[in-house]
There are 2 protein chains.
Amino acid sequence: MGKDKVSLTVVRRLPRYYHYLNELLEQGVNKISSKELSERMGITASQIRQDLNCFGGFGQQGYGYNVKILRDEIIQILSLDKKQDAVMAGAGNLGRAVANHIDFESKGFRLVGVFDTNPQIIGREVGGLVVQDITELPDFTKKSKPVVGILSVPGNEVVDVAEEMVSLGIRAFWNFTGKDMVMPNVIFENVHLGDSLMTLRYRIENDTDE
Amino acid sequence: MGKDKVSLTVVRRLPRYYHYLNELLEQGVNKISSKELSERMGITASQIRQDLNCFGGFGQQGYGYNVKILRDEIIQILSLDKKQDAVMAGAGNLGRAVANHIDFESKGFRLVGVFDTNPQIIGREVGGLVVQDITELPDFTKKSKPVVGILSVPGNEVVDVAEEMVSLGIRAFWNFTGKDMVMPNVIFENVHLGDSLMTLRYRIENDTDE
């Protein structure tokens, strides 16, 4: 909508601002300086000013940020207020955990279908939806036109499942399989849970050395 | 071990280098220029040089990086080769997904115990371990001295569980509850799965606008 493109590194920090600003609002805090926000978040104040300036800047020198306005701006920047439909392939432990724990609505999505191949899982309720046979996916997709596929199938199935979904018109994926996916004109948000565990390993070693 | 402290932003990128370098090794690629690595990873070549220079730099001008040496250096920087013991509290869908999907050993940890309060879950096998009653945690911790706690309990229990674990000597946590935890002299690696979903929402909106 006329906004300049912002680096993905900055975009990836916005959800953190969003969490902190929500917490502040819950605590009844209405304005905050970049210095205070910086201390809470462990990011330098100049980084914060720089990040928020990418989107036009919302602070006033000597006044700070209006918490609610800034939070609402982040919602708009990320388009969290415009919901899109998502379908999930794979309702094993990982899929069930994602479907049950993630609040899709607050993140700009609606989970509208969950699919699996396992007869013992099909028909069970996951994330408020009845798991359907994956063979129903083409018909479902033609009717519902979901925008996003959530990939929580085993890693060796991800290429086939993603290709099928792309052939059905899905162009964006949230990929939990641990296998980095790249396809032309398709967006893959690849989740590597283990990356944060590696970071924790580093932090333990380097904090205990201090 | 005498290394200067590196910013956590850089450390958080190291697992991505690690994945790509492993893939290259599997493909039989032994050396790579920062330009090629940059194209594969979607990071600028100058960012790559800057990142790796934080750790002393491993490239030679006009030659590139030796893939195996660089991969092994990253293992050492992150201390992935020195395993530490971890216990998990909470073996619901999320805990089971984490225990079953994460290769702890390759990330510098060993999962040595899984605990829950639910009689229907206690006694089941999760991640190769039999789930124990959480009342066993103090005895277990005294004997095994785990370094890390994995928090996959419901969000409203996380403060109590973390405080108990800290009282038992655990000083680092991998926290999946979605509730940001901060305690003095305790390391929390807080995982927000939803953050990557928000990023995906942004990417969809801004790529379709192009």
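Note: the structure precedes this text.
As a convention, each chain's residues are numbered from 1 in the sequence order in which they are written. Here chains are named by letter from A upward and ligands by number from 1 upward, in the order in which they appear as written. Since the coordinates come from a predicted model, pLDDT governs what is reported: local features require at least 70, and pairs of side-chain atoms require 80 or more to be given and counted, while whole-chain, interface and lining totals use all residues. Based on all heavy atoms of the structure, the side-chain values leave hydrogens and waters out of the count.

**So, the overall build of chain A**
Elements are defined by DSSP. Helices are runs of H or I of four residues or more, strands are runs of E of two residues or more, and each kind is numbered from the N terminus. Helices and strands together make up the secondary structure of chain A, namely 8 helices and 10 strands. Each of the three principal axes of chain A carries a C-alpha extent, and together these read 60 × 45 × 35 Å. Three exposure classes are used, based on accessible area relative to the maximum for each residue type with a 1.4 Å probe and protein chains only: buried under 20%, partly exposed in between, and exposed over 50%. Within chain A, the fraction of its 210 residues that count as buried is 52%. A contact between two residues is defined here by any heavy atoms of the two lying within 4.5 Å. Put simply, of all contacts in chain A between residues at least 6 apart along the chain, 56% involve residues at least 24 apart. Per-residue and other accessible areas follow the Shrake-Rupley method at a 1.4 Å probe size, with only the shown protein chains counted as cover for residues. Carbon together with sulfur atoms contributes 46% to the accessible area of chain A, which is approximately 10,100 Å² in total. The charged-residue count follows a simple rule in which Lys and Arg add positive charge and Asp and Glu add negative charge, with His and chain termini not counted at all. Every charge is mapped onto a representative atom, which is NZ of Lys, CZ of Arg, CG of Asp or CD of Glu. Positive and negative side-chain charges of chain A, numbering 24 and 28 respectively, have mean locations separated by a distance of 5 Å.

**What to know about the nonpolar core**
Soluble globular proteins tend to pack their nonpolar side chains together in the buried interior. Residues belong to a common nonpolar core when they are buried Ala, Val, Leu, Ile, Met, Phe, Trp, Tyr or Cys residues joined through side-chain atoms within 4.5 Å. Judged by nonpolar contacts, the single largest core of 53 residues is most densely connected at A:Phe104, A:Trp174, A:Leu200, B:Phe104, B:Trp174 and B:Leu200. Excluding anything up to four places from it in sequence, B:Leu200 contacts A:Phe109, A:Val148, A:Ala172, A:Phe173, A:Trp174, A:Ile187 and A:Glu189. Core analysis: the second largest hydrophobic core is formed by 26 residues, B:Val6, B:Val10, B:Val11 and B:Leu21 among them.

**Some points on the interface of chain A and chain B**
Contacts between the two partners involve 58 residues from chain A, matched on the other side by 58 residues from chain B. When two components associate, each loses some accessible surface as probed by a 1.4 Å sphere; the sum of these losses over both components is called the buried area. A per-residue breakdown of the area chain A buries against chain B is headed by A:Met198, A:Arg201 and A:Tyr202, which together make up 14% of the total. Close ionic contact of B:Glu189 with A:Arg203 constitutes a salt bridge, the shortest N to O distance being 2.9 Å. The set of elements that each furnish at least two residues to the side of chain A that touches chain B consists of α1 (8-26), α4 (67-78), α5 (93-101), β9 (172-175), β10 (187-190) and α8 (193-208) of chain A. If you tally residues by element for the side of chain A that touches chain B, the top one is α8(A), at 15 residues. Each residue gets one of three labels, nonpolar for Ala, Val, Leu, Ile, Met, Phe, Trp, Tyr, Cys and Pro, charged for Asp, Glu, Lys and Arg, and polar for the others, Gly among them. When grouped by side-chain class, the residues that make up the side of chain A that touches chain B number 30 nonpolar, 12 polar and 16 charged. Salt bridge, as applied in this entry: a Lys or Arg side-chain nitrogen positioned within 4 Å of an Asp or Glu carboxyl oxygen.

**Some words on the relation of the copies chain A and chain B**
Related by rotation about an axis and a shift along that axis, the two copies of the chain form a pair. Mapping chain A onto chain B calls for a screw motion: a turn of 180° about the axis and a shift of 0.0 Å along it, with 0.0 Å RMSD after fitting. Within this description, the copies of the chain are treated as partners about a two-fold rotation axis. Using C-alpha coordinates, one finds that chain A approaches the rotation axis most closely at A:Asn93, a distance of 2.7 Å. Taken together, the interface assignments show that 100% of the residues at the interface of chain A recur at the interface of chain B, consistent with an identical surface on both copies. Superposing copies: least-squares fit, C-alpha atoms only, residues required to have pLDDT of at least 70 in both.

**Quick look at the sheet that holds strand β8 (residues 148-151) of chain A**
Spatially, 6 strands are ordered β7-β4-β3-β8-β9-β10 (chain A) in an open sheet, and the strand pairing comes out parallel. Edge strands, defined here as strands with exactly one partner in the open sheet, are β7 (132-133) and β10 of chain A. When DSSP finds two or more bridges between two strands, those strands count as paired.

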